[in-house]
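Here is what each chain is made of, one letter per residue.
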Amino acid sequence: MMKAGSNSPLKRDPALLPALLVIWAAMGVFILYPLVRLLLVAFFDDGQFTFSHIIHTFSNWYDRQALYNSLFLAVTVSLAGVCLGFIYAYAVTRLALPRAVKWLLGAITVLPLISPPFTSSIAMTLALGPNGMLIKWLGLPNFSIYGFWGTWLSEVLTLFPVAFLTLNGVLQAIDPNLEDAALSLGETKWRTFLRITCPLAVPGIANAFLLLFASSLADFATPLILAGHSFPVLPTQAYLQITGLHDLKGGAALSFVLLLPALGIYLLQRYWVGNRSYVTITGKAGARTKARGLDTCATVLILTICLLTASFILFLYSIIFVGSVVKVWGVNYGLTLDHYNYVFTRGFKAITDTLLIALTAMPIGALLGVMIGYLTTRKEFVGNRLLEFVALLNYALPGTVIGIAYIVAFNSGPIVLTGTMMIIVSAYVFRYDATGIRSTIASLKQIDQSLEEASLSLGESAFNTFRKVTLPLIIPAVSAGMKFLFIRAMTAISATIFLVSVRWTLLTTRILECMTELQFAQASAFSVILILIVFTASGLITLCFRLAYPRYDRI
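Rules behind the numbers
Residues numbered from 1 in each chain as written. Predicted model: local features only at pLDDT ≥ 70, side-chain atom pairs only at ≥ 80, totals over all residues. Heavy atoms only, no water. Helix = DSSP H or I, 4+ residues; strand = E, 2+ residues; numbered from the N terminus. Rg over C-alpha atoms; globule rule 2.2 N^0.38 Å. Buried < 20%, exposed > 50% of the residue type's maximum accessible area, 1.4 Å probe, protein only. Contact = heavy atoms within 4.5 Å. Areas by Shrake-Rupley, 256 points an atom, 1.4 Å probe, with all protein chains shown as cover. Lys, Arg positive; Asp, Glu negative; His and termini not counted. Charge placed at Lys NZ, Arg CZ, Asp CG, Glu CD. Salt bridge = Lys/Arg side-chain N within 4 Å of Asp/Glu carboxyl O. Expected span 1.5 Å × (residues − 1). Patch = residues over 30% accessible without salt bridge, like charges linked within 9 Å, V, L, I, M, F, W, Y side chains within 5 Å. pLDDT = per-residue confidence, 0-100. Arc of directions from axis to C-beta. Core = buried A, V, L, I, M, F, W, Y, C linked by side-chain atoms within 4.5 Å. Phe/Tyr/Trp six-rings, centres within 6.5 Å; stacked < 30°, edge-to-face > 60°. Lys NZ or Arg CZ within 6 Å of the ring centre and 35° of its normal. Polar contact = N/O pair within 3.5 Å; in protein donor to acceptor, adjacent residues only side chain to side chain. Axes fitted to C-alpha atoms, helices over the stretch in contact; angles between N-to-C directions. Parallel < 35°, antiparallel > 145°, perpendicular 65-115°, else oblique. Left-handed = near helix turned anticlockwise from the far one by under 90°. Nonpolar A, V, L, I, M, F, W, Y, C, P; charged D, E, K, R; others polar.

Q: A description of the overall build of the protein should follow, citing residues and the corresponding values.
A: Along its length, the protein carries 25 helices and four strands. Here the C-alpha atoms of the protein give a radius of gyration of 25 Å, agreeing with the 24 Å that 2.2 N^0.38 yields for 555 residues. Taken along the three principal axes of its C-alpha coordinates, the protein extends 75 × 70 × 50 Å. The buried share of the protein, taken over its 555 residues, is 54%. Intrachain contacts of the protein at a sequence separation of at least 6 include 79% that bridge at least 24 residues. Working note: accessible area of the protein is about 25300 Å², and carbon and sulfur atoms make up 67% of it. The centroid of the 37 positive side-chain charges in the protein is displaced by 6 Å from the centroid of its 24 negative side-chain charges.

So, in structure tokens, the structure goes:
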């Protein structure tokens, strides 16, 4: 595996081989082994290779409809989410708005990111479902939020912040001097936007589209609450195939069908990102001018869209809070704290279990993310790119596929983990350490290796060089990876819905149980507590890093 010869990386760095062996062993058990077992279940029956399960899946018109619906939903959500994210990012980076307004627009987009994926679904059910507030106000007794449109709207509101964050960085990187030069040559603002800004933002737009497509394709909770039987999608079909019909082979076959487009998108994304240059700023650039934006009509239109969207998001989250303190939504709006009493008594185990699992997964995932990011960026060895590809594979696949693969792999020998805390922690660590890996790689690529070489030439060991030189410079990336992993460990459900047991209960599964039992008030109270925990923990993580590294904000 390793390069031979006197200049072998093994001889230059004796710690490299043990580190690679540990990482590959862990990824072999928790990434590759479950996927291989999933494929064996989908393609083998009584020891014989067969396509019968896949053929049965495609012969069922309901499953074919679920595949078509999943792809159609993913495309439409991606298009709308990218448009909305671009408008938001353009408003924040290119319009002359007060700083407070820009901060408010950015802060509101964070809400869907730190909430359980079905929070907007709960709010929309309370607002537009049976006995919904808006339904009564608007006088639409026959309106139904269930089906395609409800699922589409909820996913767009939940996922467009991902496009906003992606495009915000891309638009910030585009030097306004380029647009200023076009304007000084006589171009109009619209032609400058279409011929300068948009082409430079195309890689970011494509990347955001692929991210949203994969996220929508993998979304499990929103369709489960809002899609209903009239709009089946593959993730919920696979879940119902296993939990409702107890058909593990059928669920594995549906997972394989879901795996193909997700894997295709992952490969396309890596090809796109890896073969294009995004450089728009060089060390020879002069002072940046202020962005001039678009004409007045376009500016008013952009601000109107942003403010309406922000208002609707705040309205939905207000409904969640109000729904948690009224007696019976739609019937008795008298105030009560009984639902919070329910959360802190009958739901307290879910709070402690979720916190324990998240706090266990966070440091393990952060350490693994830093190790993989550092090795793939700073060390040369055979299989470097393969290591990064496999490490990010679980994040690219739908959570439903990961959950089913873990059940197939660890429900029977040789490794039995079903019902344990370890199986949930492992699913989180090897699925959500991707952000830590990517952010570590991005940070390391911005750091000149001469800094580390200088430390080594002065006699410091490789470990001390990493601890004293490299680690302080990538602390923001480590912090971001830890916060993301903690948030996802607190809010994820698509994979863990298959892994929870009587011994381990999670907040997200309790919220989903309340929704399916029409206990909307209890579901809202659980959601409010979950959001508060995530907000508080995220702030504490940042505070700890600032105390440990006083230069944290200046890195």
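Q: Describe in detail the pattern of salt bridges, supporting the description with residues and values.
A: What the rule picks out here adds up to two salt bridges. Note that D353 and K349 form a salt bridge whose closest N and O atoms lie 2.5 Å from each other. Highlighted residues: D353 and K349, both in helix α16 (residues 348–378), separated by four residues, approximately one helical turn. Residue class for K349 comes out partly exposed when judged on its relative accessible area of 39%. Ionic pairing is found between R510 and E513, a salt bridge with its closest N-O pair at 3.3 Å. Linking R510 with E513, this pair stays in helix α24 (residues 507–516), spanning three residues, or about one helical turn.

Q: Describe helix α23 (residues 475–491), with residues and values.
A: In a regular helix each residue adds 1.5 Å, so 17 residues correspond to 24 Å; α23 covers 24 Å between its end C-alpha atoms and thus fits that length. The buried fraction of α23 amounts to 14 of the 17 residues, a majority that puts the element mostly inside the structure.

Q: Talk me through a nonpolar patch on the surface; I want residue IDs and the actual numbers.
A: A cluster of nonpolar side chains, V36, L40, F44, F49, F51 and I55, forms an exposed patch at the surface whose accessible area comes to about 580 Å². Its location among the elements puts I55 in helix α3 (residues 52–59). By relative accessible area, which is 55% here, I55 ends up exposed.

Q: Describe the confidence of the model for the protein, naming the residues involved and giving the relevant values.
A: Mean pLDDT over the protein stands at 82; residues scoring 70 or higher make up 92%. Confidence drops under pLDDT 50 across residues 1–5; counting only partners more than four residues distant or on other chains, this segment forms eleven contacts. Taken as a whole, residues 278–284 scores under 50 in pLDDT and shows nine contacts with residues more than four places along the chain or in a different chain.

Q: So, α3: which residues are in play, and what are the values?
A: All of the buried residues along α3 are H53, I54 and T57. With its buried residues spanning 100° around the axis, α3 presents them on a single face. Across from the buried face of α3, at angles greater than 90 degrees, the exposed residues are I55 and H56.

Q: Describe the nonpolar core, naming the residues involved and giving the relevant values.
A: Counting 179 residues, the largest nonpolar core has M27, Y406 and Y428 as the members making the most contacts within it. The greatest single-element share of this core, amounting to 14 residues, is contributed by helix α4 (residues 61–94). Dropping the residues within four chain positions of it, M27 is found in contact with L32, I372, L387, V390, A391 and F430.

Q: Got a sec to walk through the packing of aromatic side chains? Specific residues and values, please.
A: In total, this model carries 29 aromatic pairs according to the counting rule given. An aromatic cluster is defined as three or more aromatic residues linked by ring pairs; in this entry it consists of Y68, F72, F148, W149, W152 and F231. The ring of W504 has K349 lying over it, and the distance from NZ or CZ to the ring centre is 5.9 Å.

Q: Summarise the environment of L314; cite the residues concerned and give the values.
A: Note that L314 resides in helix α14 (residues 296–325). Given a relative accessible area of 39%, L314 falls into the partly exposed group. In the structure, L314 is positioned 205 residues away from T109 in sequence and 10.0 Å away in space, judged by C-alpha atoms. In contact with L314, not counting residues within four places along its chain, are I108 and L111.

Q: Run through the environment of L444, naming residues and quoting values.
A: By the secondary structure assignment, L444 is in helix α20 (residues 434–445). Owing to a relative accessible area of 0%, L444 belongs among the buried residues under this scheme. When the C-alpha atoms of L444 and R195 are compared, they prove to be 33 Å apart, with 249 residues separating the residues in sequence. Excluding residues that lie within four positions of it along the chain, L444 makes contacts with G373, Y374, T377, R378, T470 and I474.

Q: Lay out the side chain of T377 with the relevant residues and their values.
A: Residue placement: T377 occurs in helix α16. Given the relative accessible area of 19%, T377 is considered buried. In terms of polar contacts, T377 uses its side chain to reach the backbone carbonyl oxygen of G373, at 2.7 Å. If sequence neighbours within four positions are ignored, T377 has contacts with I441, L444 and K445.

Q: Run through the packing of helix α2 (residues 16–43) against α16, naming residues and quoting values.
A: Two packed helices can be described by the angle between their axes and the distance between those axes. Contact geometry for α2 and α16: axes closest at 11 Å, N-to-C directions at 125°. On the basis of their axis angle, the class for α2 and α16 is oblique. Pair α2 / α16 crosses with left-handed handedness. In this structure, α2 contributes L16, A19, L20, I23 and M27 to the contact, and α16 contributes L368, M371, I372 and L375. Partitioning the contact of α2 with α16 into residue classes produces nine nonpolar, no polar and no charged.

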